[in-house]
Amino acid sequence: MRLGRASRVVRLAWLLVVATTSASAQRLATPLAAGVMQANRAVYLDRQGVIRWKDDGKEIALFGANYILPSASDYRAAGYLSLDRKRMIDDDMAHFARMGWDGMRLTLWGDWENADHAGNLIANDHLELFDYLIARARERGIYMLLSPIQTYSANWPDALSDTTPPGFSNFYRKDELGTNAAAIAAQTRYITQLLEHVNPHTGVKIKDEPAILFIEMINEPTHHAADVAGSVRYINALVDAVRRTGCDKIVFHNVSQDFAIADAMRQSKVQGASFGWYPTGLNSGRELQGNYLRTVDDFDRMRTPVLAGRPRIVYEFDSPDLRTGYMYPAMTRAFRSVGTQFAAMFAYDMLGTASRNLGWQTHYLNLVYTPRKAMSAVIAAEAMRRLPRGASYGTYPANTRFGDFRVSYEENLSELVATDAFLHAGSTRSAPPQPAQLRRVAGVGSSPVVTYEGEGIYFADKLRHGVWRLEVYADAVPVRDPFEMMSADKIVTRAIARWWPMRITLPDLGDAFTVTSVAGASGSAAANTGATQIAQRGQFTVFPGVYLLSANGPVDVRSLPTSVSNVGLTEYRPAPADSLPIVVEPLVRAEYPTNQPLEMRARVIASERPTSVTLSIRALDWERFQQMPMTRTAGYEYRAVIPDSLREGLYEFAIAVVSDGAAQTFPGATRQSPADWDFSGRTFWTTRVVRPSTPIALFAPERDAPLMAFTRIGDGGRRGIYRVVASSGSGLPAFHFEFPRIPQGAIEDYTASLIIKDRIAARGDAVAKGVSIVLRARGIAREQPLVVTLVEQDGTSWSAPVALDSAWSEYVVPLTEFKSAASVTLPVGYPGIWNYWVMPAAGRGGAGDVMRLNQVERLQLSLRPKSGTAVRPTPFGVEIESVSLRFR
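Residues numbered from 1 in each chain as written. Predicted model: local features only at pLDDT ≥ 70, side-chain atom pairs only at ≥ 80, totals over all residues. Heavy atoms only, no water.

## Some thoughts on the environment of I491
Then, in step 1: Summarising the element assignment, I491 is placed in the loop between β21 (475–478) and β22 (493–496).
Then, in step 2: A C-alpha to C-alpha distance of 9.4 Å links I491 and L580, two positions 89 residues apart in sequence.
Then, in step 3: Apart from residues no more than four positions distant in its own chain, I491 is found in contact with S355, R356, V479, R480 and L580. (Helix = DSSP H or I, 4+ residues; strand = E, 2+ residues; numbered from the N terminus. Contact = heavy atoms within 4.5 Å.)

Right under this line is the structure:
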């Protein structure tokens with residue numbers, strides 16, 4: 001194939017680079033250690049559309065994440081912190097391997113950053129890092145999906161004013177990439193040149209790279225599904241650009257942006273369908289609360305007959321704005337049920353920037369900084385490998401156990417309990433069926449096998465009988481909501497290295513085994529390789545690092561395998577050292593009933609354990625604070641109980657922490673204690689003590705409107721259409737909630753949803769005495785219907801219609817008038833709105849079922865115009881001052 005002049009210049013430049021980087025190529029030719037399995041197996045597509053390994057014919061099942069350091073915001077994030085990008089790749093690929101991940105989506109904004117207007121490849125730092133990443137991933141046994149064209153701006157969100165990116169996507173609108181002949185020519189030219197490009201770190205052309213199995217030519221294109229012939233021509237042009245190079249990788253095209261494109265795909269040359277899934281929406285701007293397992297029962301659209309006989313991969317997925325330990329395995333269960341053979345989370349946070357969640361606001365996943373979520377991804381990778389393709393597991397809650405896996409919203413937990421492996425994303429009471437047969441143990445928290453107070457992730461791998469390798473990471477302690485807008489100056493999670501006791505109960509180790517340090521966090525005593533201790537009844541102390549546990553005294557490292565799970569035996573990639581100031585986070589309810597003791601908890605986040613922690617509390621009319629010590633219960637959590645019930649009223653409180661002989665009082669970090677005569681603190685937290693029969697304020701507009709999730713309208717409306725106004729009746733804040741003025745029939749429901757579970761739980765057993773929902777509200781016009789719904793945590797819902805007059809009134813709706821009904825999935829998942837309605841959980845909602853008030857999790861307010869009711873020009877909506885739960 002003849003290349004244009006620009007292409008020849010690029011190729012010549014890279015031949016010169018190849019000549020000067022033979023050391024890098026030689027490094028790749030030599031594995032990290034004996035036993036490390038490089039990613040060099042080939043695949044083929046069988047007649048049924050199943051991808052198989054060529055060497056043994058077995059089905060592939062790969063799991064991992066998108067990794068974006070060479071491009072866009074992740075590239076800039078590393079620059080903001082002046083980090084070595086290649087060192088970051090080394091760290092992160094080691095962590096991919098440590099988590100047992102064998103898949104990665106190689107996400108490159110080449111259409112913006114390393115191509116020109118005409119699609120000619122540009123040799124620059126983005127391309128160099130792309131090459132380096134491929135080499136390091138192959139070393140770690142990681143197979144890749146190449147995604148070379150992204151379409152969305154590489155400057156989002158921090159460089160939107162920058163107009164300098166040279167690539168063709170900076171010149172063509174996204175919606176014309178599939179129709180404009182010049183834009184299509186630029187795409188095909190770029191794809192061809194990229195595949196012909198020689199990677200200087202491997203000496204191999206991208207088209208021949210064994211670790212790249214798949215190519216999805218363009219990410220989330222605008223589909224012109226109504227133009228079937230034109231869509232087929234466009235898809236074929238992209239496929240032909242790949243095939244002209246002689247590349248035989250399996251090629252995929254996106255279907256989930258608009259499933260109507262499936263017919264054009266069926267008629268085209270493309271081999272497989274790719275889809276993405278964000279069941280909790282995107283960019284909520286805060287960490288979500290509540291149970292989202294009901295949203296991931298199935299992805300039935302991937303079973304459309306039009307796609308029959310074609311392989312399926314998930315190019316992007318996540319549970320955005322969550323750090324839970326249960327969503328990933330549940331999502332993988334759905335992926336496998338529709339035939340998925342590759343799934344890549346979007347997007348992995350680099351170790352160097354993860355303390356700030358600096359890459360993608362709505363996503364947050366890192367081995368060290370999100371240990372519970374990371375362990376759930378470790379378990380999900382096993383689910384991808386162990387669950388049979390095409391199996392079905394029913395609906396929630398019957399599907400919380402599947403194969404050897406279990407997920408639990410109540411415990412914030414997922415786990416794999418198998419003969420060979422015991423993995424848990426949170427503390428569990430489950431026990432392995434045959435402990436003597438275990439080869440892998442990994443987790444967060446404690447179990448019958450490992451008791452551990454630390455808040456980091458750990459891995460234990462059996463090397464031979466009586467010898468295990470233990471790898472422990474720093475405590476990941478949240479200090480800010482990671483899903484707020486990110487900043488290079490804002491730490492959201494601290495990685496604190498502390499000594500903690502650990503007890504391990506494994507038959508081949510016994511009670512008194514030798515613990516030998518072989519690698520540790522920089523500057524720690526644990527970094528002194530060869531330091532030993534003897535476990536007493538299985539207990540010893542650990543600092544973040546790597547240890548060898550041996551039943552028969554110290555073991556000669558030279559007699560052991562040099563690698564475990566594609567990680568070197570003594571390799572350790574810790575987080576940067578943490579030396580930040582003390583942070584105190586109160587874990588206190590907004591209200592407490594008067595008829596029970598007050599249990600007040602807090603997290604005291606410090607590099608060293610404080611000497612003391614003291615709670616100071618007073619009513620507003622008290623001259624002095626009442627003080628009592630707080631006792632550490634576990635990890636960083638402290639607790640105090642006020643035994644005598646306090647009288648009704650508002651209370652303010654502070655927490656004093658003494659460390660190294662100095663006191664600080666929070667909030668405010670005042671360098672004094674409230675017990676001091678000259679205490680000058682003026683900032684306090686507050687809580688309220690109320691009578692058990694006091695109504696619970698379920699909704700207050702100023703406090704709650706910004707926390708609500710709304711029905712998405714088209715591609716926008718993510719934050720909802722509402723106003724907080726002054727009530728014309730009382731002057732108090734009112735929630736102005738109006739049906740969107742869009743063409744009739746565009747949507748049939750507009751709902752606002754609020755998590756209220758903490759308010760319900762705060763009242764304790766007394767909540768069972770609730771009798772009615774009370775609204776202070778009015779209709780914008782006469783006879784405005786409002787549907788009020790209470791949603792239990794399993795998704796079972798109860799609704800009551802309320803007809804609102806235009807005058808401000810109090811509306812009392814007895815709980816007996818609430819009937820079983822569908823609720824709404826909010827936030828609405830992406831893509832599409834296909835799973836909008838939620839029906840009662842399996843076995844619920846039938847005759848004889850009743851509302852479990854103590855399980856209510858959400859309040860939903862819905863505008864549903866009656867059939868034939870005109871929404872325009874008359875406003876259709878309501879204004880609400882308050883919603884409360886009243887007691888008898």
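## With respect to the sheet that holds strand β35 (residues 631–634)
Then, in step 1: An order of β30-β32-β36-β35 is seen for the 4 strands of this open sheet, with the pairing classed as antiparallel. Each edge of the sheet is formed by a strand with only one pairing partner; in this case those strands are β30 (583–587) and β35. Each adjacent strand pair in this sheet contributes to an overall mean axis angle of 35°, direction not counted. (Pairing = 2+ DSSP bridges. Axes fitted to C-alpha atoms, helices over the stretch in contact; angles between N-to-C directions.)

## Here's the deal with the packing of aromatic side chains
Then, in step 1: Under the defined criterion, the tally for this structure stands at 45 aromatic pairs.
Then, in step 2: Against the face of Y132 rests R136, its NZ or CZ located 4.6 Å from the ring centre. (Phe/Tyr/Trp six-rings, centres within 6.5 Å; stacked < 30°, edge-to-face > 60°. Lys NZ or Arg CZ within 6 Å of the ring centre and 35° of its normal.)

## A look at the sheet that holds strand β41 (residues 709–710)
Then, in step 1: The sheet built from 6 strands is open, its strands ordered β41-β44-β52-β46-β47-β49 with antiparallel pairing. Strands at the two margins of the open sheet, each flanked by one partner only, are β41 and β49 (819–821).
Then, in step 2: As defined by bridge partners, β41 adjoins strand β44 (residues 750–755) across 2 bridges and the pair is classed as antiparallel. Bridged to F710 within β44 is A752.

## Quick look at the pairing of strand β43 (residues 733–738)
Then, in step 1: Across the 6 residues that make up β43, a large majority, 5, are buried.
Then, in step 2: Pairing of strand β42 (residues 722–726) with β43 involves 5 bridges; the strand directions are antiparallel. Note on β43: the bridge partner recorded for V724 is F735.
Then, in step 3: Relative to strand β53 (residues 877–887), β43 runs antiparallel, the two sharing 4 bridges. Following the sheet pairing, H736 is matched in β53 by E879. (Buried < 20%, exposed > 50% of the residue type's maximum accessible area, 1.4 Å probe, protein only.)

## Some remarks on the nonpolar core
Then, in step 1: By size, the foremost hydrophobic cluster in this structure holds 155 residues, and its most contacted members are Y67, W101, M104, V255 and M375.
Then, in step 2: If we ignore the near neighbours within four places in the chain, the residues touching W101 are F63, G64, A65, F96, I142, Y348, L365, A377, V378 and A381.
Then, in step 3: Residues A800, L853, V883 and F887 belong to the second largest nonpolar core, which totals 44 residues. (Core = buried A, V, L, I, M, F, W, Y, C linked by side-chain atoms within 4.5 Å.)

## Topic: the pairing of strand β27 (residues 545–550)
A regular strand places its side chains so that they alternate between the two faces of the sheet.
Then, in step 1: In terms of burial, β27 is a largely internal element, 6 of the 6 residues being buried.
Then, in step 2: What you see with β27 is no split at all: G545, Y547 and L549 on one side and V546, L548 and S550 on the other are buried throughout.
Then, in step 3: By the bridge criterion, 6 bridges tie strand β20 (residues 467–472) to β27 in an arrangement that is antiparallel. Counted as the bridge partner of E471 is V546 from β27.

## Topic: the confidence of the model for the protein chain
Then, in step 1: Per-residue pLDDT for the protein chain has a mean of 92; in total, 93% of the residues score no lower than 70.
Then, in step 2: Every residue in residues 1–34 is under pLDDT 50, and counting partners more than four places away or in other chains gives 46 contacts.
Then, in step 3: Taken together, the stretch residues 867–872 has pLDDT below 50 and engages in 8 contacts with residues farther than four places along the chain or on a different chain. (pLDDT = per-residue confidence, 0-100.)

## Some details on helix α3 (residues 72–80)
Then, in step 1: The buried fraction of α3 is high, at 7 of 9 residues.
Then, in step 2: Every buried residue of α3 is accounted for by A72, S73, D74, Y75, R76, A77 and A78.
Then, in step 3: Turning to α3, the residues buried within the fold contact α4 (85–98), α5 (110–113) and α6 (125–139).
Then, in step 4: In the segment just after α3, S82 is the residue with positive phi, at about 55°.

## Quick look at unusual backbone geometry
Then, in step 1: Residue P157 is bonded to the preceding W156 through a cis peptide linkage, with omega at -5°.
Then, in step 2: With respect to the secondary-structure elements, P157 resides in the loop between β5 (143–147) and α7 (181–196).
Then, in step 3: Of note, the bond from Y396 into P397 is cis; its omega dihedral lies within 30 degrees of zero at 5°.
Then, in step 4: Following the sequence through the fold, P397 ends up in the loop between α11 (371–386) and β13 (401–402).
Then, in step 5: Phi is positive for T151, close to 75°, though the residue is something other than glycine.
Then, in step 6: Looking at the secondary structure, you find T151 in the loop between β5 and α7.
Then, in step 7: Given the relative accessible area of 7%, T151 is considered buried.
Then, in step 8: Of note, D660 is a non-glycine position whose phi angle comes to about 55°, a positive value.
Then, in step 9: With respect to the helices, strands and loops of the structure, D660 is situated in the loop between β37 (649–659) and β38 (662–666).
Then, in step 10: Looking at D660, the relative accessible area reads 78%, which means it is exposed.

## Comments concerning helix α8 (residues 228–243)
Then, in step 1: Compared with an ideal rise of 1.5 Å per residue, which puts 16 residues at 22 Å, α8 spans 22 Å between its outermost C-alpha atoms and is within 8% of the ideal.
Then, in step 2: Buried residues along α8 sit against α7, β8 (212–216), β9 (250–254) and α9 (262–267). (Expected span 1.5 Å × (residues − 1).)

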